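Observations on the model geometry
The lines below spell out each chain.
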Amino acid sequence: SRGLGDVYKRQVRGRGEAMKLIHCADLHLDSSMTTHLTKEKAKERKAELLASFNRMMEYADRENVSAVLIAGDLFDRKNISATARNAVYHAISTRPEMTFYYLKGNHDVRLFLPNGKECPENLKLFGEEWTAYVQADEGCRLVISGVELCEENHALIANSLTLNREDVNIVMLHGQEAEYAAQDKAEVVPLRDLRGKGIDYLALGHVHGYKKETLDSRGEYCYPGCLECRGFDEYGEHGFVLLDVDLEEKTVASEFIPFALRNGHYVEVDVSDCMSTAEIMDAINETAKKEHLPHEDFVKFVLVGEMALASEKDLDYLNQWIQDDYYTVKVTDKTKIRIDYEDYQNDASLRGEFVRLVQADEKLSDEEKAQMIQYGIRALEGEEIE
């Protein structure tokens, strides 16, 4: 018995050396990406995502990969373009020697096959009850199990999972890691309940950055992250995970493979000593040189530090100034205002009176005082305030 409603299917592989598998997730093919990009670049980036999927398949051919684990969110929306449907179907159907294990994520739809096409024999699907496949049987078996989380099953998945400890066990799930199951959230992977189950590698999807951690004394869990960066919130290198399964030693080794055409960068720029927008731009350029930021990537510059009250800063101008330096770029502000109240103690101007008045208000926090003084002085100088 392998759990409630379990489907157990066998696919036998001949004896040989250690097997290679690819673990990928959150490809989000057909994503519109119009939030951060112009219409032209969004169209280009959409094509690049599909091209990267095909490049990954070519990598799999070169490396003699036996199977590809797609741990959810292969697509980004329900209405999939014919181009994306045909490209994925072609990649799978023309590689009959390679097995594709596709576990649907929260963005996916069940039937993505082109009209009139049947499901290829080498495409293995999962459902809302545990399904297990034998990928290889060479004395020690490699078993790949998975279930698609939903409101009806998420509280029972850990208890209904039964694995043979003599097998090499890979388990596929799509959801957010947590120590405990959540009663009101279906997409939660309860790590505590999965420990001690005999899992060698927990192949996850849903988190858009690469992460690998120890699950228990036997296995590890891993998010490969997105194959490609799609916005300013997907930082770091992107790619997939290459698994090396040794059935004689009963081991699963994993390696992250950077593969993206474009990556995302979150870069903090200390502008504490800057007094003008031009000086801030110099600080951004100096930081960019030190970080060796590729011009073909997504870059988000975040201004940090404490700036003098008298300093001048125009974010619109900064964003316009730097827009052609990277594929797409954004400058945001997280600076604080530095106020030396002693400078205003004897200031007889309206500005000095305003600063002293705000400073004396005991109901305001220091941060609120600094913000109020900043806006007030800008208003006194005739500047526009958003």
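Here's a quick rundown of the structure. (Residues numbered from 1 in each chain as written. Predicted model: local features only at pLDDT ≥ 70, side-chain atom pairs only at ≥ 80, totals over all residues. Heavy atoms only, no water.)

1. Concerning the overall build of the protein
- Helix and strand content of the protein: seven helices and 20 strands.
- In summary, the protein has a C-alpha radius of gyration of 27 Å against a globular reference of 21 Å for 386 residues, an excess of more than 25%.
- Its C-alpha atoms give the protein principal-axis dimensions of roughly 90 × 45 × 40 Å.
- The buried share of the protein, taken over its 386 residues, is 51%.
- Restricting the contact set of the protein to residue pairs at least 6 apart, pairs at least 24 apart contribute 67%.
- A total accessible area of about 19400 Å² is found for the protein, and carbon and sulfur atoms account for 45% of it.
- Side chains of the protein give 46 positive and 73 negative charges; the mean places of these two sets differ by 6 Å. (Helix = DSSP H or I, 4+ residues; strand = E, 2+ residues; numbered from the N terminus. Rg over C-alpha atoms; globule rule 2.2 N^0.38 Å. Buried < 20%, exposed > 50% of the residue type's maximum accessible area, 1.4 Å probe, protein only. Contact = heavy atoms within 4.5 Å. Areas by Shrake-Rupley, 256 points an atom, 1.4 Å probe, with all protein chains shown as cover. Lys, Arg positive; Asp, Glu negative; His and termini not counted. Charge placed at Lys NZ, Arg CZ, Asp CG, Glu CD.)

2. Concerning the packing of aromatic side chains
- Summed over all chains, the structure comprises eleven aromatic pairs.
- Each ring, one from Tyr235 and one from Tyr266, has its centre 5.2 Å from the other, and the planes form 65°; the classification is edge-to-face. Here the residue Tyr235 occupies a position in the loop between β13 (220-223) and β14 (239-246), and Tyr266 occupies one in strand β16 (residues 264-270), the gap between them amounting to 31 residues.
- Look at Tyr266 and you get partly exposed, because its relative accessible area is 34%.
- The side chain of Lys41 reaches across the aromatic face of Tyr327, ending 4.7 Å from its centre.
- In this structure, Arg55 is placed above the aromatic ring of Phe259, and the distance from its NZ or CZ to the ring centre is 4.4 Å. (Phe/Tyr/Trp six-rings, centres within 6.5 Å; stacked < 30°, edge-to-face > 60°. Lys NZ or Arg CZ within 6 Å of the ring centre and 35° of its normal.)

3. Re the pattern of salt bridges
- One pass over the structure, following the stated rule, counts 16 salt bridges.
- Salt-bridge contacts for Arg195 lead to Glu179; the nearest nitrogen and oxygen are separated by 3.0 Å. Here Glu179 lies in the loop between β9 (176-178) and β10 (188-190) and Arg195 lies in the loop between α3 (191-194) and β11 (201-205), a separation of 16 residues in the sequence.
- Asp333 is paired through a salt bridge with Lys313; the nearest N and O atoms lie 2.6 Å apart. Of this pair, Asp333 sits in strand β19 (residues 328-333) while Lys313 sits in the loop between β18 (306-308) and α5 (315-322), placing them 20 residues apart in sequence.
- On the basis of relative accessibility, which here comes to 22%, the residue Lys313 falls in the partly exposed class. (Salt bridge = Lys/Arg side-chain N within 4 Å of Asp/Glu carboxyl O.)

4. Comments concerning the layout of surface pockets
- Taken as a whole, the second largest pocket holds about 170 Å³ of empty space.
- Lining the second largest pocket are twelve residues, and of these Lys104, Gly105, Asn106, Leu149 and Glu187 lie nearest its centre.
- Considering only residue class, the lining of the second largest pocket consists of four nonpolar, three polar and five charged. (1 Å grid on protein atoms, 1.4 Å probe; cavity = no way out; pocket = protein on both sides within 12 Å on 5 of 7 lines; lining within 4 Å. Points joined across faces, edges and corners; volume = space filled by probe spheres on them. Nonpolar A, V, L, I, M, F, W, Y, C, P; charged D, E, K, R; others polar.)

5. A short note on a negative patch on the surface
- Together, Glu268, Asp270, Asp273, Glu279, Asp282 and Glu286 line one region of the surface with negative charge.
- Of all the elements in the fold, those that place two or more residues in the negative patch are β16 and α4 (277-291).
- The dominant element in the negative patch, judged by the number of residues it contributes, is α4, at three residues.
- Within the fold, Glu268 resides in strand β16. (Patch = residues over 30% accessible without salt bridge, like charges linked within 9 Å, V, L, I, M, F, W, Y side chains within 5 Å.)

6. A look at the pairing of β13
- The alternating pattern of β13 places Glu220 and Cys222 on one face and Tyr221 and Tyr223 on the opposite face, and all of these are buried.
- Where β11 meets β13, three bridges bridge the pair, whose relative direction is parallel. Along β13, the bridge assignment pairs Ala203 with Cys222.
- Taken together, the four bridges between strand β12 (residues 211-214) and β13 define a ladder with antiparallel strand orientation. Residue pairing for β13: Lys212 is matched across the bridge by Cys222.
- Taking the residues between adjacent antiparallel strands as the criterion, β12 and β13 are bridged by five residues. (Pairing = 2+ DSSP bridges.)

7. Quick look at the sheet that holds β16
- Ordered in space as β16-β17-β19, the three strands form an open sheet in which the pairing is parallel. Of all the strands in the sheet, the pair left with one neighbour each is β16 and β19. Mean inter-strand twist for the sheet, computed between neighbouring axes without regard to direction, equals 20°.
- Pairing of β16 with strand β17 (residues 298-304), which is carried by seven bridges, proceeds in the parallel orientation. If you follow Val269 over to β17, its bridge partner there is Leu303.
- α4 contacts β16, β17 and β19 of the sheet and is inclined by roughly 130° relative to β16. (Axes fitted to C-alpha atoms, helices over the stretch in contact; angles between N-to-C directions.)

8. Topic: the nonpolar core
- Counting residues in hydrophobic clusters, the biggest one holds 40 residues, and the most contacted among them are Ile22 and Met56.
- Counting only elements with at least two residues in this core, the list comes to β2 (19-24), α1 (39-62), β3 (67-70), α2 (82-93), β4 (99-102) and β14.
- The leading source of residues in this core is α1, at eight residues.
- Setting aside its immediate chain neighbours within four residues, Ile22 contacts Met56, Tyr59, Ala60, Val65, Ala67, Val68, Leu69, Phe240, Val241 and Leu242. (Core = buried A, V, L, I, M, F, W, Y, C linked by side-chain atoms within 4.5 Å.)

Scope: geometric values only; no functional claims are made or implied.
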